[in-house]
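If you want the building blocks of each chain, they are given just below.
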Amino acid sequence: MNNIPFITIILAMIGAVVSLLIGKRSKNAYLLSQIITLVIAILSLGLVGFFVQNGGVITYMLGHYPAPWGNELRFGLLESTLALIFSLVMFLAILGGRKGISEDVKEEKQKYYFSFMFLLLLSMLALIYTNDLFTAYVFIEINTLASCAIVMAKESGDTLKATIKYLVMSLLGSGLFLIAISLLYSVTGHLLIPSLQTAVSELTATNSYSWPLAAAAILMTVALGVKSAMFPFHTWLPDAHGTATTASSSILSGLVVKGYIILMIKIFYSIFGIETIRDMGILTIVFVLGIAGMLGGSVLAIRERNLKRMVAYSSVAQIGYIYMAIGMGTWATLAAGLFHMVVHAFTKPLLFTSAGGLIEVSGHSKQICDLSGAGYRNKWAGIGFLVGACSMVGIPLFGGFTSKVYLATSSLSISYIPIVALAISSCLNAMYYLPVLVRIFSKSSESSRKDGEMEATGVGYGLSITCFIAINLALGMVGFALMYLLAHGVQLL
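Remember, it's a predicted structure, so these values are computed and weren't measured experimentally.

Criteria and thresholds
Residues numbered from 1 in each chain as written. Predicted model: local features only at pLDDT ≥ 70, side-chain atom pairs only at ≥ 80, totals over all residues. Heavy atoms only, no water. Helix = DSSP H or I, 4+ residues; strand = E, 2+ residues; numbered from the N terminus. Rg over C-alpha atoms; globule rule 2.2 N^0.38 Å. Buried < 20%, exposed > 50% of the residue type's maximum accessible area, 1.4 Å probe, protein only. Contact = heavy atoms within 4.5 Å. Lys, Arg positive; Asp, Glu negative; His and termini not counted. Charge placed at Lys NZ, Arg CZ, Asp CG, Glu CD. Salt bridge = Lys/Arg side-chain N within 4 Å of Asp/Glu carboxyl O. Phe/Tyr/Trp six-rings, centres within 6.5 Å; stacked < 30°, edge-to-face > 60°. Disulfide = S-S within 2.5 Å. Core = buried A, V, L, I, M, F, W, Y, C linked by side-chain atoms within 4.5 Å. Axes fitted to C-alpha atoms, helices over the stretch in contact; angles between N-to-C directions. Parallel < 35°, antiparallel > 145°, perpendicular 65-115°, else oblique. Left-handed = near helix turned anticlockwise from the far one by under 90°. Patch = residues over 30% accessible without salt bridge, like charges linked within 9 Å, V, L, I, M, F, W, Y side chains within 5 Å. Areas by Shrake-Rupley, 256 points an atom, 1.4 Å probe, with all protein chains shown as cover. Nonpolar A, V, L, I, M, F, W, Y, C, P; charged D, E, K, R; others polar. Pairing = 2+ DSSP bridges. Expected span 1.5 Å × (residues − 1).

(A) Molecular detail of the overall build of the protein. Helix and strand counts for the protein come out as 21 helices and two strands. What you see for the protein is a C-alpha radius of gyration of 22 Å, in line with the 23 Å of a compact globule of 493 residues. With the C-alpha coordinates of the protein rotated into their principal frame, the extents come out at 75 × 55 × 45 Å. Taking all 493 residues of the protein together, the buried fraction comes to 60%. Restricting to contacts in the protein with at least 6 residues of sequence separation, those with at least 24 account for 81%. Here the protein holds 29 positive side-chain charges and 21 negative ones, and the gap between their average locations is 6 Å.

(B) Broad picture of the pattern of salt bridges. Evaluation of the coordinates by the stated rule reveals six salt bridges. Here Glu79 and Arg74 are joined by a salt bridge, their closest N and O atoms 3.8 Å apart. Each member of the pair, Glu79 as well as Arg74, is classed as buried. Lys165 is the partner of Asp239 in a salt bridge, and the nearest nitrogen-oxygen pair spans 3.1 Å. You can see Asp239 sitting in helix H10 (residues 237-243) and its partner Lys165 sitting in helix H7 (residues 157-188), a full 74 residues away along the chain. Take Lys165: its relative accessible area is 35%, and that puts it in the partly exposed class. Because the salt bridges share partners, they merge into one network encompassing Lys165, Asp239, Glu304 and Arg309.

(C) The packing of aromatic side chains, seen in detail. Counted by the stated rule, this structure contains 13 aromatic pairs. Plain terms: the ring middles of Tyr376 and Phe441 are 5.9 Å apart, the flat faces sit at 85 degrees to each other, and that makes the pair edge-to-face. Of the two residues, Tyr376 sits in helix H16 (residues 374-377) while Phe441 sits in the loop between helix H19 (417-440) and helix H20 (459-478), which places them 65 residues apart along the sequence. Residue classification places Tyr376 among the partly exposed residues on the basis of a relative accessible area of 33%. Classification of Phe441 as partly exposed rests on a relative accessible area of 29%. What links up through ring pairs into an aromatic cluster is the set Phe50, Phe51, Phe75 and Tyr129.

(D) Representation of the environment of Thr198 within the structure. Among the structural elements, Thr198 can be located in helix H8 (residues 193-205). Taking the relative accessible area as the measure of exposure, Thr198 reaches 45% and is therefore partly exposed. Each C-alpha atom of the pair Thr198 and Ile271 lies 8.0 Å from the other, and the pair is 73 residues apart in sequence.

(E) Here's a closer look at the state of the cysteines. Inspection of every chain in the model, using the stated rule, returns zero disulfides. Sulfur of Cys427: no disulfide; nearest cysteine sulfur belongs to Cys390 and is 15 Å away.

(F) Just the nonpolar core, in detail. Ranked by internal contacts, the top residues of the largest apolar core, which has 169 residues, are Phe177, Ile267, Phe268, Phe272, Leu307, Met310 and Phe385. In terms of residue count, the dominant contributor to this core is helix H11 (residues 246-272) (17 residues). Excluding anything up to four places from it in sequence, Phe385 contacts Leu307, Met310, Val311, Leu351, Ser354, Ala355, Leu358, Tyr433, Val436, Leu437 and Ile440.

(G) Geometry of the packing of helix H15 (residues 331-360) against helix H21 (residues 480-490). One can describe the packing of H15 onto H21 by two numbers: an axis separation of 9 Å at closest approach and a directional angle of 130 degrees. Looking at the two axes, H15 sits oblique to H21. Judged by the twist between their axes, the crossing of H15 over H21 is right-handed. Where H15 approaches H21, its residues Trp331, Ala332, Leu334, Ala335, Ala336, Leu338, Phe339 and Val342 are matched on the opposing element by Leu482, Met483, Leu486, Ala487 and Val490.

(H) A nonpolar patch on the surface, seen in detail. Taken together, the side chains of Ile14, Val17, Val18, Leu20, Leu21 and Tyr112 make up a nonpolar region of the molecular surface, amounting to roughly 540 Å² of accessible area. If one sorts the elements of the nonpolar patch by residue count, helix H1 (residues 4-21) sits on top with five residues. Among the structural elements, Val17 can be located in helix H1.

(I) Here's a closer look at the packing of helix H6 (residues 133-152) against H7. Relative to each other, H6 and H7 sit at 175 degrees, their axes nearing to 9 Å. Classed by the angle they form, the pair H6 and H7 counts as roughly antiparallel. Broken down by class, the residue content of the contact of H6 with H7 amounts to 17 nonpolar, six polar and one charged.

(J) Up close: the pairing of strand S2 (residues 71-75). Counting buried positions over the five residues of S2 gives four, a clear majority of the element. The sheet contact formed by strand S1 (residues 58-62) and S2 spans five bridges and is antiparallel. If you follow Thr59 over to S2, its bridge partner there is Arg74.

(K) Geometry of the environment of Ile10. Note on placement: Ile10 falls in helix H1. Residue classification places Ile10 among the partly exposed residues on the basis of a relative accessible area of 28%. With 112 residues separating them in the primary sequence, Ile10 and Leu122 have C-alpha atoms 7.7 Å apart.

(L) Structural view of helix H3 (residues 77-96). Its 20 residues place the ends of H3 29 Å apart at the C-alpha level, agreeing with the 28 Å of an ideal helix rising 1.5 Å per residue. The element H3 is extensively covered by neighbouring structure, given that 19 of its 20 residues are classed as buried.

(M) Quick peek at the side chain of Lys266. By the secondary structure assignment, Lys266 is in helix H11. Contact partners of Lys266, with chain neighbours within four places excluded, come to Leu127, Ile128, Tyr129, Thr130 and Ile271.

(N) Main features of the environment of Lys308. With respect to the helices and strands, Lys308 occurs in helix H14 (residues 307-328). When the C-alpha atoms of Lys308 and Met152 are compared, they prove to be 16 Å apart, with 156 residues separating the residues in sequence. Not counting residues within four places of it along the chain, the set of residues in contact with Lys308 comprises His241, Gly242, Ala244, Thr245, Thr246, Ser249, Phe352, Ile359 and Lys366.

Here you go:
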């Protein structure tokens, strides 16, 4: 069990290399990606079972140099649960987006596409498991470059423009994060998270280097906020997620931005300590920006007429929910925020995968006005989009409802503001999802010429949609099981 996190990272690394050597047939690289991703999910599930039974955390030394000079992985119930979720979402997103990949990415370049998918997975696993701040920076850079690659894989003018915008913003965030690491290292002499925690606690107790510590914390928050599309640093997200091929959009929105949020949580709780972050005023800023994202992202989504960009703006709002929970700064709100993050990780790929199917049977038009009757022409996509929209709005029995209940109840003892914001945001969510649902399930004269263009969806597409729907319903009806894991996991940060 000690070796499983390292094995999963190495498996993804091997997959990235073998994808390039496996031959010209794209099917081989696709099958390899699915097999290795599923194996990683199974191994992670075994690790979850181990920690449910035994509890505690494990620190795994890499190489032959112990702390504080060597490198380490640290993992427990929280980390293994997140690794399971990330690998499972990636498996289902690629399964549902396979047709889009074959149409949008040239045959000879698909092996590179799957190689970058492996790099994304290994970088996210490393961000979950690493116990070293500089190692986190290295994998942030790998994550950034791989994300840019899967956006521009479609090779259109829009994706190239979106990639450049994404790259500029991401490199800005990376630069700020590296400056923050340099500041911390200069005053503590450490890069391992436990050693940093001890050194920062001592400096805080003696009120030494208070300005450099505050500057490092602020720079890291801004850097990861830029990379995770925290409002108002979200401007790159609609272009990148809205123009990429369906599988890329699903993984970018469902997973990639979450990796940076997990790292921010580690920095807040495991390096500086949440009370120190609160005293610096950072939690208040994160809380305010979270609520601003909840409302601002929803307003921007209401104004959008492009389906994929609307779903992308919806991600800005949902990320705001997570930051609002982090900003309240309690164990209960953190667990609720992580639960909402998991719900979003499964729901957003469902929405993007469904949107791709709806667009395909509507003359490849992304404009909402052209989607009349698309839910009948591609029934899997119509049902999937209906379930995803109900979840994001917060309809009972779906995952989004349960996560909003947890967010509301965990904030009751703190303030009424989150509850009001949740209510307003849910109404705004309905204002942009309901018109789309009406449109895709209506049959107008404009769409009658397309009524015969029924989409014969593949087994993989239907299976992906079915699994996403089943998981969403499970999170809505028996989500307390996951909440139990997350609530116990965060206590060990």
